[in-house]
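Chain by chain, the residues run as shown.
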Amino acid sequence: MVEAVESAEFRCPFCRSTFPPIQESKTSFVGWYVSIVLLSVSLALFISCFGILIFWVPLCFAWMPLVFLRDHWSKCNSCGIKLD
Ligand SMILES: [Zn+2]
């Protein structure tokens, strides 16, 4: 009953549902790209004889784009249509 107050203004343009939309997120293309670049740099350092000491440095940052560079959107709880 209480949750319905906030969702009272929402109405899905497709199915007219008044259920509150679901928040979705996934790693964006840029996030994957940056992460792969960092992993590649780490691998390149690992292969080179000098980099064996510091190859773990980019490896420590490789996970960050996957967590922070994400796309967020909401979708309809009822029909699943993507809402902007
Ligand atoms: Zn809908």
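Conventions we followed
Residues numbered from 1 in each chain as written. Predicted model: local features only at pLDDT ≥ 70, side-chain atom pairs only at ≥ 80, totals over all residues. Helix = DSSP H or I, 4+ residues; strand = E, 2+ residues; numbered from the N terminus. Contact = placed C-beta atoms within 7 Å. Pairing = 2+ DSSP bridges.

Draft legend 1. The arrangement of the environment of Arg70 in detail. The topology assignment puts Arg70 in strand β2 (residues 70–75). C-alpha of Arg70 to C-alpha of Gly51: the two residues are 19 residues apart in sequence and 30 Å apart in space. The residues contacting Arg70, other than those within four sequence positions of it, are Ser25, Lys26, Thr27, Ser28 and Gly31.

Draft legend 2. Focus on the pairing of β2. Taken together, the six bridges between strand β1 (residues 22–27) and β2 define a ladder with antiparallel strand orientation. Bridged to Gln23 within β2 is Ser74. As defined by bridge partners, β2 adjoins strand β3 (residues 82–83) across two bridges and the pair is classed as antiparallel. Paired with Lys75 across the two strands is Lys82, which belongs to β3. Taking the residues that link successive antiparallel strands as the turn, the β2-β3 hairpin has six residues, and the phi of Gly80 there is positive, at about 85 degrees.

Draft legend 3. Quick peek at unusual backbone geometry. Even without a glycine there, the phi angle at Arg16 is positive, about 65 degrees. Turning to its location among the elements, Arg16 is positioned in the loop between α1 (3–7) and β1.

Taken by themselves, the reported measurements are silent on function.
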